[in-house]
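For reference, the chains in residue letters:
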Amino acid sequence: MPPRNFADLSFRRLLASPFNAHGLLTIVAARVAATTGAERMRRLSTTWIDERFQERESDVLWVVETEAGDVVFYVLVEHQTDFDPDLPLRLLIYLGRVADRWLRDRGEGRADPNWPPILPVVIHTGEGRWPGSLDPRKSSGVSPEFLPYVPSFRVHLLSVKRCPRRRLLGSGHVFGRILDVVRAESLRRSALEQALAGAVLEVERLPPVLRTEASDYLRHLVALVYHRRRGSERDSLLDAILSNLRRADLREEFQMAFKTAAEELIEKGIEKGIEK
């Protein structure tokens with residue numbers, strides 16, 4: 001698959017897990033994350049927000065509810081590889097449709113001032129900084145007298161490759177380690193090897209109940225190396241992953257991920273001289 005599709009699909013798969021979605025929250029909004037746990041997060045379909053979501057692979061919507069089923073808040077996550085100047089307006093549209101869905105589910109006409117907050121999170125994995133603000137009011141070019149009429153909301157923007165490493169790793173969540181590998185993917189090989197070793201070590205420590213997440217992490221790491229590196233450098237980085245794996249089940253997962261990544265490259269005609 002093309003590199004951009006790889007990134008979108010890979011992050012969508014990772015963020016389909018409530019464990020990872022909560023891990024992302026611990027990085028971008030630690031105080032909010034502390035109010036809930038992964039067990040209270042429920043993923044929602046996004047196709048009802050906009051028919052274009054059916055073609056997008058980078059958007060994930062989560063809702064946090066009480067035991068009684070009342071909505072506490074929503075988290076809308078969007079992955080971006082490239083700058084999109086229309087993103088502030090798109091987010092405004094999406095947030096309005098999430099709010100409209102909540103209103104219809106709750107029942108219109110009820111005197112309930114406790115509207116649930118909606119937290120938009122943008123994960124930017126492209127090179128460089130995101131140019132400009134994601135707040136519509138700050139990104140708008142209207143004259144000052146009209147600014148009070150332009151909506152304003154906070155967006156948690158995580159530019160992974162420009163993010164300080166201590167921020168990614170500060171929460172102690174393994175998802176931060178995965179993002180740290182993305183941060184290092186364009187750096188020197190030694191930096192990427194260090195990030196890979198740290199990520200694999202944390203994956204090794206995951207309990208059996210998170211085996212699906214562990215498998216997804218390994219598949220992500222192997223695919224990232226395959227899509228971002230070539231030749232002997234790729235081989236060295238893959239060895240760095242395998243050499244840090246001690247658990248038999250994870251070494252087996254690595255072999256399956258390795259085979260899948262290699263087959264994808266053969267089918268695309270990128271890799272030559274490797275037999276199926």
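Computed from a predicted structure; not experimentally measured.

Calculation notes
Residues numbered from 1 in each chain as written. Predicted model: local features only at pLDDT ≥ 70, side-chain atom pairs only at ≥ 80, totals over all residues. Heavy atoms only, no water. Pairing = 2+ DSSP bridges. Helix = DSSP H or I, 4+ residues; strand = E, 2+ residues; numbered from the N terminus. Axes fitted to C-alpha atoms, helices over the stretch in contact; angles between N-to-C directions. Contact = heavy atoms within 4.5 Å. pLDDT = per-residue confidence, 0-100. Patch = residues over 30% accessible without salt bridge, like charges linked within 9 Å, V, L, I, M, F, W, Y side chains within 5 Å. Areas by Shrake-Rupley, 256 points an atom, 1.4 Å probe, with all protein chains shown as cover. Salt bridge = Lys/Arg side-chain N within 4 Å of Asp/Glu carboxyl O. Parallel < 35°, antiparallel > 145°, perpendicular 65-115°, else oblique. Left-handed = near helix turned anticlockwise from the far one by under 90°. Nonpolar A, V, L, I, M, F, W, Y, C, P; charged D, E, K, R; others polar. Phe/Tyr/Trp six-rings, centres within 6.5 Å; stacked < 30°, edge-to-face > 60°. Core = buried A, V, L, I, M, F, W, Y, C linked by side-chain atoms within 4.5 Å. Buried < 20%, exposed > 50% of the residue type's maximum accessible area, 1.4 Å probe, protein only.

### Quick look at the sheet that holds strand β2 (residues 59-65)
- Across the sheet, five strands lie side by side as β1-β2-β3-β4-β5; this open sheet has mixed pairing. Of all strands in the sheet, those bounded by a partner on one side alone are β1 (41-44) and β5 (156-159). For this sheet, the mean angle separating the axes of adjacent strands, direction not counted, is 20°.
- With four bridges joining them, strand β4 (residues 118-124) and β5 adopt parallel strand pairing. From the neighbouring strand, His-124 faces β5, where its bridge partner is Ser-159.
- In the packing of helix α4 (residues 87-106) onto the sheet, the strands contacted are β2, β3 (71-80) and β4, and the crossing angle to β3 comes to about 150°.

### Some details on the confidence of the model for the protein
- Overall, the prediction assigns the protein a mean pLDDT of 87, with 87% of residues at 70 or greater.
- Looking at the elements of the protein, mean pLDDT is at its lowest for helix α1 (residues 3-14), recorded as 77, and at its highest for helix α2 (residues 18-28), recorded as 97.
- Note that residues 270-276 has pLDDT below 50 and, in this model, seven contacts with residues that lie over four places away or in other chains.

### Examining a nonpolar patch on the surface
- Taken together, the side chains of Val-142, Phe-146 and Tyr-149 make up a nonpolar region of the molecular surface, amounting to roughly 350 Å² of accessible area.
- Along the chain, Phe-146 turns up in the loop between α5 (136-139) and β5.

### Some thoughts on the environment of Leu-91
- Relative to the assigned elements, Leu-91 resides in helix α4.
- Considered as a pair, Leu-91 and Val-155 are 64 residues apart in the sequence and their alpha carbons are 9.0 Å apart.
- Sequence-distant contacts of Leu-91, that is, excluding residues within four places in its chain, are made with Leu-76, Val-122, Phe-153 and Val-155.

### What to know about the packing of helix α7 (residues 174-184) against helix α8 (residues 189-204)
- The interhelical angle for the contact between α7 and α8, taken along N-to-C directions, is 165°, at an axis separation of 9 Å. By the angle between their directions, the pair α7 and α8 is classed as roughly antiparallel. Handedness of the crossing formed by α7 with α8: left-handed. Contact with α7, carried on its side by Val-174, Arg-177, Ile-178, Asp-180, Val-181 and Ala-184, involves Ala-191, Leu-192, Ala-195, Leu-196, Gly-198, Ala-199, Glu-202 and Val-203 of α8 and no other residues of that element.
- Per-class residue counts for the contact of α7 with α8 are 10 nonpolar, one polar and three charged.

### Considering the packing of aromatic side chains
- Applying the stated criterion across every chain, the model contains three aromatic pairs.
- What links up through ring pairs into an aromatic cluster is the set Tyr-226, Phe-254 and Phe-258.

### So, the nonpolar core
- Residues Leu-24, Leu-25, Leu-158, Tyr-217 and Ile-241 are the most contacted members of the largest nonpolar core, which totals 60 residues.
- For this core, the element with the highest residue contribution is helix α9 (residues 211-228), accounting for nine residues.
- Tyr-217 has contacts with Leu-14, Phe-19, Asn-20, His-173, Val-174, Phe-175, Ile-178, Val-203 and Leu-206, leaving out every residue within four places of it along the chain.
- Judged by nonpolar contacts, the second largest core, of 16 residues, contains Leu-44, Leu-76, Tyr-94 and Trp-102.

### Considerations on the pattern of salt bridges
- What the rule picks out here adds up to 15 salt bridges.
- One salt bridge in this structure joins Lys-161 and Glu-185, with 3.3 Å as the shortest N-O distance. Remark: Glu-185 occurs in the loop between α7 and α8 and Lys-161 occurs in the loop between β5 and α6 (165-170); sequence separation between them is 24 residues.
- Note that Glu-233 and Arg-229 form a salt bridge whose closest N and O atoms lie 2.9 Å from each other.
- Connected through shared salt-bridge partners, Glu-127, Lys-161, Glu-185 and Arg-228 make up one network.

### Re the packing of α8 against helix α10 (residues 231-243)
- At a closest axis distance of 9 Å, the pairing of α8 and α10 adopts a crossing angle of 25°. Between α8 and α10, the crossing angle belongs to the class labelled roughly parallel. Read as a crossing pair, α8 and α10 show a hand that is right-handed. Contacts from Arg-189, Leu-192, Glu-193, Leu-196 and Val-200 in α8 reach Glu-233, Ser-236, Leu-237, Ala-240 and Ile-241 in α10.
- Its residues assigned to classes, the contact of α8 with α10 comprises six nonpolar, one polar and three charged.

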